[in-house]
Amino acid sequence: MAKGLTLSSTGCFLRAVVRTRPILPISRYHLKMRALLKLTAETAARYLENLKERSVAPSPQALEQLTELEEPMPELPTEADRILETLDRIGSPATMAMAGPRYFGFVIGGSLPAALAANWLAGAWDQCPGLFAASPIGAVLEEVSLRWLLDVLKLPADCGGAFVTGATMANFTALAAARHRVLANAGWDVEADGLFGAPPITVVVGDESHPSLIKALGMLGLGRSRIKRVPVDRQGRMLASEMPPLSKPAIVCMQAGNVNTGAFDPAEEICERAHSSGAWVHIDGAFGLWAAASPRYEHLIEGAAGADSWATDAHKWLNVPYDSGLAFVKDAAALKNAMSLTAAYLPQGEHREPSQYTPELSRRARGVEIWAALKSLGRTGLADLIERNCCLARRFAEGLQRGDCQILNEIVLNQVLVSFGDDTRTREVIERVQRDGTCWCGPTEWQGRTAMRISLSSWATRDEDVERSVAAILQASIV
Ligand SMILES: Cc1ncc(COP(=O)(O)O)c(C=O)c1O
């Protein structure tokens, strides 16, 4: 027998390293696992406790330390507690403090305590919820969450729903359903016959659509360049009166929540115009869709329930850990037709089979955290989270305006665009803000100008965090 190899009971060769680490008796294994998970909990808790005072961006030293990870693929195993130690020593300082209260970059939500805890338990469960038979709990929590989501977002109760990675895939999934239905209505089976020779679909988008929506259209074979773009107003809202004449088959994509301004396309008017021509209306509401959950902000999204499909993120404003996106489709059969897969070895029971609605078969059980977040917040807590963030956005804007900064958008939701003068100066101030580390805000381009974008999207942010951040930004702007 070759040196370092041993023969297993099934006749396969095992490497010597496996022989030197025999499978532990079950009780010792459990003791080790308990100690490891306790250590993990303590490490994670310490990390979260430190977030409030540490620099939001990682320090240059922390980034330099990352080179320690660049070692060749190890030949031998490493104990789990040593792996955790390395991750915490090198990894934790090199994180961006997104889970903390003063990260205002992009539109990145925090993680609610219940959602984080559920995420850990779900990790231990290690469920694959594609089929009810594979994970009854995974499938049921999706089903319950879907019902609750449609309720709080005020969408039709019989929508089909898909739990996916994020809004990009949610747009893709919902638009695949749209593509199915508009072509089926034209007598074409796109899943069977593809797009070659299919009746051309007119696709209309607002000129301020999020690039991920355009990417989703490209992935669906609908073309990034052949779409028709509708002009927008100064807040990025689609001008419904400028929509082109539509003839079937057609899909109109509108937006609830512009990533820069937070502004909403006029849903009622767009749905009316599109539906009068038999077009499908899709809404990208990656964060804006959550306005429907707030009595104070639901007017912004009036008419959105009249659309045919919607995409949103749970990792943004529902504050569940990454990654988590959601697609809802009024015509559940269209979603199922676009996504379903059959195979003799995949049993279909009488329950909702999650993989009939998603691009993936195997994936993680995202319904667990979504259920936990909704359960922990309740309807009132969710409304409060949305409204508190919006109130803090206004406070942010007022504080900066008092310090002579220019606010470039109407603060309708949770997004604030700030200019500190010309583009060069604005960029310099943003760099100083990021270096200072009190908070983190990123640059963006808005209607030809460089701006700093502030997004209030975390349950963890309080008044004092906004006050501290405003003071730090004003300090950076006068240096
Ligand atoms: C309006 C809009 N759509 C889509 C996306 C993409 O979301 P994700 O990164 O979750 O795929 C974003 C991200 O910010 C967004 O703001």
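Above this text you will find the structure in question.
Since we're looking at a predicted model, the values are computed, not measured.

> What is the right way to look at the nonpolar core in this model?
Taken as a class, soluble globular proteins show a tendency for nonpolar side chains to be buried jointly. Core analysis: the biggest nonpolar cluster contains 59 residues, and Met243, Trp290, Leu318, Phe328, Ile370, Leu382 and Leu413 have the highest contact counts within it. Secondary structure elements with two or more residues in this core: α6 (136–152), β6 (250–255), α10 (267–276), β7 (280–284), β9 (325–329) and α12 (367–402). With eight residues, the single largest contributor to this core is α12. Those residues in contact with Phe328 that lie beyond four places of it in its chain are Leu146, Leu149, Leu150, Leu153, Leu155, Gly160, Gly161, Leu289, Asp308, Ser309, Trp310 and Thr312.

> Any chance you could explain the site of the ligand here in plain terms?
Taken together, 14 residues sit near the ligand, with Thr168, Asp284, Asp313, His315 and Lys316 positioned nearest. Residue His315 places a side-chain N or O atom 3.0 Å away from an oxygen atom belonging to the ligand. Relative to its unbound accessible surface of 390 Å², the ligand loses 83% to contact with the protein. Taken together, the residues of the shell around the ligand break down into four nonpolar, seven polar and three charged.

> Looking at this model, I keep getting lost on the sheet that holds β6. Mind explaining?
Hydrogen bonds along the backbone pair up the strands of a sheet, which may run parallel or antiparallel. Read across the sheet, seven strands follow the order β3-β9-β8-β7-β6-β4-β5 without closing on themselves; strand pairing throughout is mixed. The open sheet is flanked by β3 (160–164) and β5 (228–230), the only strands paired with a single partner. When strand polarity is set aside, the average angle formed by the axes of neighbouring strands in this sheet is 20°. Here helix α7 (residues 167–185) sits on the sheet and contacts β3, β6, β7, β8 (309–313) and β9; the angle it forms with β7, its principal contact strand, is near 180°.

> Looking at this model, I keep getting lost on the pattern of salt bridges. Mind explaining?
Between side chains of opposite charge, pairing is possible as soon as their charged atoms come close. The tally for this structure, following the rule as stated, stands at 23 salt bridges. We note a salt bridge from Glu269 to Arg273, for which the minimum N-O separation is 3.8 Å. One end of the pair is Glu269 and the other is Arg273, both in helix α10 and four residues apart, which spans about a single turn. Judged by its relative accessible area of 37%, Glu269 falls in the partly exposed class. Across the salt bridge formed by Asp463 and Arg395, the nearest N and O atoms sit 3.0 Å from each other. Residue Asp463 is found in helix α14 (residues 463–478), and its partner Arg395 is found in helix α12; the two are separated by 68 residues along the sequence.

Thresholds, definitions, all that
- Residues numbered from 1 in each chain as written.
- Predicted model: local features only at pLDDT ≥ 70, side-chain atom pairs only at ≥ 80, totals over all residues.
- Heavy atoms only, no water.
- Core = buried A, V, L, I, M, F, W, Y, C linked by side-chain atoms within 4.5 Å.
- Buried < 20%, exposed > 50% of the residue type's maximum accessible area, 1.4 Å probe, protein only.
- Helix = DSSP H or I, 4+ residues; strand = E, 2+ residues; numbered from the N terminus.
- Contact = heavy atoms within 4.5 Å.
- Near = heavy atom within 4 Å.
- Polar contact = N/O pair within 3.5 Å; in protein donor to acceptor, adjacent residues only side chain to side chain.
- Areas by Shrake-Rupley, 256 points an atom, 1.4 Å probe, with all protein chains shown as cover.
- Nonpolar A, V, L, I, M, F, W, Y, C, P; charged D, E, K, R; others polar.
- Pairing = 2+ DSSP bridges.
- Axes fitted to C-alpha atoms, helices over the stretch in contact; angles between N-to-C directions.
- Salt bridge = Lys/Arg side-chain N within 4 Å of Asp/Glu carboxyl O.

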